[in-house]
Amino acid sequence: MKNEYLISQIHKKKSFLCVGLDTDLEKIPSHLLQEEDPIFAFNKAIIDATHEYCVAYKPNIAFYEAYGLDGWKSLERTMAYLNENHPEIFTIADAKRGDIGNTSTRYAKAFFETLNFDSITIAPYMGKDSVEPFLEFEDKHTILLALTSNQGAFDFQTKKIEGHELYKEVLSVSKTYKGSERLMYVVGATKATYLKDIRELIPESFLLVPGVGAQGGSLEEVCKYGITKDVGLLVNSSRGILYASTDMDFAEVAGNKAKEIQQQMAAELAKL
Ligand SMILES: O=c1ccn([C@@H]2O[C@H](COP(=O)(O)O)[C@@H](O)[C@H]2O)c(=O)[nH]1
């Protein structure tokens with residue numbers, strides 16, 4: 001998907017919400033466990049209830065891999081459902097991959113070609129030759145972890161090397177990679193004030209911002225420091241939407257929760 005198309009969808013839906021599909025068999029309503037594929041049944045109900053209010057879905061791959069072959073089949077079915085019914089919605093494989101070049105190419109093929117995701121999250125630790133294989137794919141996006149939402153982000157990401165914080169090095173050095181126009185970055189909503197500095201280094205890049213809802217990040221703060229004239233934000237909520245109710249009404253409540261966030265986003269977009 002091209003950036004211009006994603007931006008047009010954001011304006012059309014007045015939303016930059018990404019719904020995280022972190023589907024956990026221990027948390028989904030118990031009546032779904034009788035279904036042949038409970039994970040897909042849950043995802044389908046959530047997608048049906050939330051698609052009007054969001055522009056992206058982000059299955060976190062760990063939640064599928066945890067169930068082995070069955071989990072992988074549920075992921076395939078979820079992607080086929082999204083690609084068939086909602087091809088206008090941006091899809092993110094939250095896989096946090098990255099390896100030596102030939103291995104990265106296989107990861108890229110798995111997620112961009114076999115599963116037909118629009119984007120994938122990548123850990124930048126192994127550097128240029130681990131990231132560039134993903135950037136070769138036309139109309140696909142590579143979302144580099146820059147400043148993550150968790151407490152452990154302070155172990156390395158904010159440490160200075162040669163006078164610059166490591167996360168800032170990730171932002172500036174990655175801009176020199178071949179195909180860097182296809183890069184986006186992860187910045188946690190829990191670190192919203194850092195977005196001011198981040199926007200000086202990457203004024204236009206799209207950011208995937210997890211951490212509102214269950215992790216306590218503030219949408220208002222993220223917008224205050226991170227929004228650009230072309231929006232430049234995809235703000236993710238997973239548990240806050242998926243498990244807003246664990247009863248028979250889970251999909252309806254998830255839809256209402258997504259709508260509530262979409263309305264806050266519409267108010268932010270009206271300020272642009
Ligand atoms: O810095 C990061 C990078 C990725 N994540 C992922 O986003 C979702 C957040 O889920 P919530 O339930 O809304 O907290 C989850 O898949 C994380 O693995 C992140 O939280 N922070």
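Residues numbered from 1 in each chain as written. Predicted model: local features only at pLDDT ≥ 70, side-chain atom pairs only at ≥ 80, totals over all residues.

Identification of the chain as Orotidine 5'-phosphate decarboxylase from Flagellimonas zhangzhouensis is taken from an unreviewed UniProt entry. Quoted verbatim from the Sequence similarities (unreviewed entry) field of the UniProt record, the comment on the chain reads "Belongs to the OMP decarboxylase family. Type 2 subfamily." Here is the UniProt Pathway (unreviewed entry) comment for the chain, exactly as written: "Pyrimidine metabolism; UMP biosynthesis via de novo pathway; UMP from orotate: step 2/2." (UniProt positions renumbered as here; feature names shortened; annotations may be inferred.)

*Asks:* Explain the site of the ligand to me, please; I cannot follow it from the model alone.
*Replies:* The environment of the ligand is made up of 18 residues, and the closest members are Asn-60, Thr-148, Pro-210, Ser-238 and Arg-239. Residue assignment for the shell around the ligand shows that the elements contributing at least two residues are β10 (233-237) and α11 (239-242). Class assignment of the residues belonging to the shell around the ligand gives a composition of 3 nonpolar, 12 polar and 3 charged. (Near = placed C-beta within 6 Å. Helix = DSSP H or I, 4+ residues; strand = E, 2+ residues; numbered from the N terminus. Nonpolar A, V, L, I, M, F, W, Y, C, P; charged D, E, K, R; others polar.)

*Asks:* I tried to follow the environment of Ala-270 on my own but got confused; where do I start?
*Replies:* As for its placement among the helices and strands, Ala-270 is situated in helix α12 (residues 250-270). Take Ala-270: there are 8 C-beta atoms within 10 Å of it, and that puts it in the exposed class. Separated by 256 residues in sequence, Ala-270 and Lys-14 have C-alpha atoms that sit 8.8 Å apart. (Buried ≥ 20, exposed ≤ 12 C-beta atoms within 10 Å, placed from the backbone.)

*Asks:* Before we go on, may I ask you to explain the sheet that holds strand β8 (residues 183-187) in this structure?
*Replies:* Sheets are built from strands that pair by backbone hydrogen bonding, the pairs being arranged parallel or antiparallel. With parallel pairing, the 8 strands of this closed barrel are ordered in space as β1-β2-β3-β4-β5-β8-β9-β10. The mean inter-strand angle of the sheet, taken between neighbouring strand axes irrespective of direction, is 30°. Here strand β1 (residues 17-21) runs beside β10; their pairing, made up of 3 bridges, is parallel. Its bridge partner lying in β10, Val-19 is registered against Ser-237. α12 rests against β1 and β10 of the sheet, and its axis sits at about 155° to β1. (Pairing = 2+ DSSP bridges. Axes fitted to C-alpha atoms, helices over the stretch in contact; angles between N-to-C directions. Contact = placed C-beta atoms within 7 Å.)

*Asks:* Mind showing me how you'd approach helix α2 (residues 38-50) here?
*Replies:* In an α-helix, one turn spans 3.6 residues; hence positions three or four apart end up facing the same way. Along its 13 residues, α2 runs 18 Å from first to last C-alpha, staying within 8% of the 18 Å computed at 1.5 Å per residue. By the burial criterion, the buried members of α2 are Pro-38, Ile-39, Phe-40, Ala-41, Phe-42, Asn-43, Ile-46, Ile-47, Ala-49 and Thr-50. On its buried face, α2 is in contact with β1, β2 (56-59), α4 (68-85), α11 and α12. (Expected span 1.5 Å × (residues − 1).)

*Asks:* Would you mind going over the UniProt feature "domain: Orotidine 5'-phosphate decarboxylase" (unreviewed entry) in the chain with me for this structure?
*Replies:* When the UniProt feature table is mapped onto this chain, "domain: Orotidine 5'-phosphate decarboxylase" (unreviewed entry) is found at residues 16-254. Taken end to end, residues 16-254 is 39% helix and 19% strand, and its first and last C-alpha atoms sit 16 Å apart.

*Asks:* Please clarify how the environment of Ile-10 should be interpreted in this entry.
*Replies:* Locating Ile-10 in the fold gives a position in helix α1 (residues 3-13). For the pair Ile-10 and Val-55, spaced 45 residues apart in sequence, the C-alpha separation works out to 6.4 Å.

*Asks:* How do you make sense of unusual backbone geometry when you look at a structure like this?
*Replies:* Negative phi is the rule for most residues except glycine; trans is the rule for most peptide bonds. Positive phi, normally seen in glycine, also occurs at Asp-139, with a value near 60°. Within the fold, Asp-139 resides in the loop between α6 (128-135) and β5 (141-147). Under the C-beta neighbour-count criterion, Asp-139 is labelled exposed, with 11 such atoms within 10 Å.

*Asks:* Looking at this model, I keep getting lost on the packing of α2 against α12. Mind explaining?
*Replies:* When two helices pack together, you describe them by how their axes are tilted relative to each other and by the distance separating the axes. Running from N to C, α2 and α12 point in directions that differ by 40°, and their axes come no closer than 8 Å. Classified by the interaxial angle, the pair formed by α2 and α12 is oblique. For the element pair α2 and α12, the recorded crossing hand is right-handed. Here Ala-45, Ile-46, Asp-48, Ala-49 and Thr-50 of α2 lie close against α12, whose contacting residues are Ala-251, Glu-252, Ala-254, Gly-255 and Ala-258. In terms of residue class, the contact of α2 with α12 is made up of 6 nonpolar, 2 polar and 2 charged. (Parallel < 35°, antiparallel > 145°, perpendicular 65-115°, else oblique. Left-handed = near helix turned anticlockwise from the far one by under 90°.)

*Asks:* Just checking my understanding: could you explain the UniProt feature "active site" (unreviewed entry) in the chain for this structure?
*Replies:* In the numbering used here, UniProt assigns the "active site" (unreviewed entry) feature to Lys-96. Note on placement: Lys-96 falls in strand β3 (residues 90-97). Judged by C-beta crowding, with 16 C-beta atoms within 10 Å, Lys-96 ranks as partly exposed. Once residues within four sequence positions are removed from consideration, Lys-96 is found in contact with Thr-121, Ala-123 and Leu-145.

*Asks:* Explain α12 here, please?
*Replies:* With 21 residues, α12 ought to run about 30 Å at 1.5 Å a step, and its terminal C-alpha atoms sit 30 Å apart, in line with that. For α12, every residue scored as buried is listed here: Phe-250, Ala-254, Gly-255, Lys-257, Ala-258, Ile-261, Gln-262 and Met-265. Within α12, the buried residues cover an arc of 165° as seen down the axis, which keeps them to one side. Residues Gln-263 and Ala-270 are exposed on α12 and point more than 90 degrees away from its buried face. (Arc of directions from axis to C-beta.)

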